[in-house]
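Observations on chain architecture
Here is what each chain is made of, one letter per residue.
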Amino acid sequence: ISLRICTYNIHKGFSHLNRRLAIHEMRECLLGLAPDICLLQEVQGQHLGYQRRHADWPDLPQHKFLAGDELYAAYGANAAYEHGHHGNAVLSRFPILRTRNRDVSLSRLEQRGILHCEVALPGNREIHCLCVHLSLTERQRRRQLELLADYVDHHVPCRAPLVIAGDFN
């Protein structure tokens, strides 16, 4: 089976340097790509401040807004704060059977995670999708890659189809 897969750090739905809300344009572009599976980082699950400040802020969490009625969606929060949370998301044209979210934060200043989704493919097959967002420093990224390899060893069956994508900084 051939799959169209994309990955994108949506920066909480804002344009470059957070100049303007761009989540609506992002939705149109993503749907225009017609991906089978899309792995997203910095997805805003909730932000009460942005919701008050932007009249066109979606009523749904960003992963559900981006998925619309066309795609299945899964979300894993990496960072939680008083006014909301954000994390990784997987959107899929095929049903998402199971999800796990693994915290790989190494600093309280950078909450990072691995969202693991098992997706049902046609022909009674499955693919494991790991959406990652790694830290900004090389030392932390190296340690997070070790955690990722260990996670794959323990949670993904040997020879199972696997996609690892995301923001590796």
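For the structure itself, look to the data block above.
Described below are features of the structure shown in this document. Computed from a predicted structure; not experimentally measured.

1. Concerning the sheet that holds strand S4 (residues 84–92)
- The strand order S1-S2-S4-S3 describes an open sheet built from four strands, whose pairing is mixed. Bordering the open sheet on either side are strand S1 (5–9) and strand S3 (72–81), each of which pairs with just one other strand. When the angles between neighbouring strand axes are averaged without regard to direction, this sheet yields 25°.
- Two strands pair when backbone bridges link them, and S1 and strand S2 (residues 37–47) are joined in this way by five bridges, in the parallel orientation.

2. Some words on helix H4 (residues 138–155)
- The terminal C-alpha atoms of H4, which comprises 18 residues, lie 25 Å apart, in line with the 26 Å expected from a rise of 1.5 Å per residue.
- Restricting attention to buried positions, one finds in H4 the residues Gln140, Arg141, Gln144, Leu147, Leu148, Tyr151 and Val152. One face of H4 carries all of its buried residues, which in axial projection span an arc of 140°. Away from its buried face by more than 90 degrees, H4 exposes Arg139, Arg142, Asp153 and His154.

3. Points about the environment of Asn101
- In this structure, Asn101 sits in strand S5 (residues 96–103).
- The contact partners of Asn101, leaving out residues within four places of it in the chain, are Gly76, Ala77, Asn78, Ile114 and Leu115.
- A polar atom in the side chain of Asn101 sits 2.9 Å from the backbone oxygen of Ala77.

4. Quick notes on the packing of aromatic side chains
- With the rule as written, the count across this model stands at three aromatic pairs.
- Between Phe14 and Tyr50, the aromatic rings sit 4.9 Å apart at their centres with planes inclined by 65°, giving edge-to-face as the arrangement. Here the residue Phe14 occupies a position in the loop between S1 and helix H1 (23–33), and Tyr50 occupies one in helix H2 (residues 48–53), the gap between them amounting to 36 residues. For the residue pair Phe14 and Tyr50, the accessibility class agrees, reading buried in each case.
- Over the aromatic face of Phe65 sits the side chain of Arg27, whose NZ or CZ is 5.5 Å from the ring centroid.

5. Examining the pattern of salt bridges
- According to the stated counting rule, one finds ten salt bridges in the structure shown.
- Between Glu25 and Arg20 there is a salt bridge, with the nearest N and O atoms lying 2.7 Å from each other.
- A salt bridge links Arg143 to Glu146; the shortest N-O distance between them is 3.1 Å. Placement of both Arg143 and Glu146 in helix H4 is noted, with a separation of three residues, approximately one turn of the helix.
- A single network of salt bridges, built from pairs that share partners, joins Arg98, Arg100, Glu118 and Glu126.

6. Observations regarding the environment of Leu48
- Relative to the elements of secondary structure, Leu48 occurs in helix H2.
- C-alpha of Leu48 to C-alpha of Glu82: the two residues are 34 residues apart in sequence and 9.0 Å apart in space.

7. Some points on the sheet that holds strand S7 (residues 125–133)
- The mixed open sheet is built from four strands, whose spatial order is S5-S6-S7-S8. A strand with exactly one partner marks an edge of an open sheet, and here the two such strands are S5 and strand S8 (162–167). Along the sheet, successive strands turn relative to each other by an average axial angle of 15°, direction set aside.
- Pairing of S7 with S8 involves six bridges; the strand directions are parallel. The residue bridging Val132 from the neighbouring strand is Gly166, located in S8.
- Sheet strands touched by H4: S5, strand S6 (113–121), S7 and S8. Its angle to S7, the strand with the most contacts, is close to 160°.

8. Examining H1
- Burial in H1 covers these residues: Ile23, Met26, Arg27 and Leu30. The arc that holds every buried residue of H1, seen down its axis, measures 100°, which confines them to one face. Among the exposed residues of H1, those pointing more than 90 degrees away from its buried face are Glu28, Cys29 and Gly32.
- Looking at the buried positions of H1, the neighbouring elements they touch are S1, S2 and helix H3 (62–67).
- Residue Ala34 follows H1 closely and has a positive phi angle near 50°.

Cut-off values and rules
Residues numbered from 1 in each chain as written. Predicted model: local features only at pLDDT ≥ 70, side-chain atom pairs only at ≥ 80, totals over all residues. Heavy atoms only, no water. Pairing = 2+ DSSP bridges. Helix = DSSP H or I, 4+ residues; strand = E, 2+ residues; numbered from the N terminus. Axes fitted to C-alpha atoms, helices over the stretch in contact; angles between N-to-C directions. Expected span 1.5 Å × (residues − 1). Buried < 20%, exposed > 50% of the residue type's maximum accessible area, 1.4 Å probe, protein only. Arc of directions from axis to C-beta. Contact = heavy atoms within 4.5 Å. Polar contact = N/O pair within 3.5 Å; in protein donor to acceptor, adjacent residues only side chain to side chain. Phe/Tyr/Trp six-rings, centres within 6.5 Å; stacked < 30°, edge-to-face > 60°. Lys NZ or Arg CZ within 6 Å of the ring centre and 35° of its normal. Salt bridge = Lys/Arg side-chain N within 4 Å of Asp/Glu carboxyl O.

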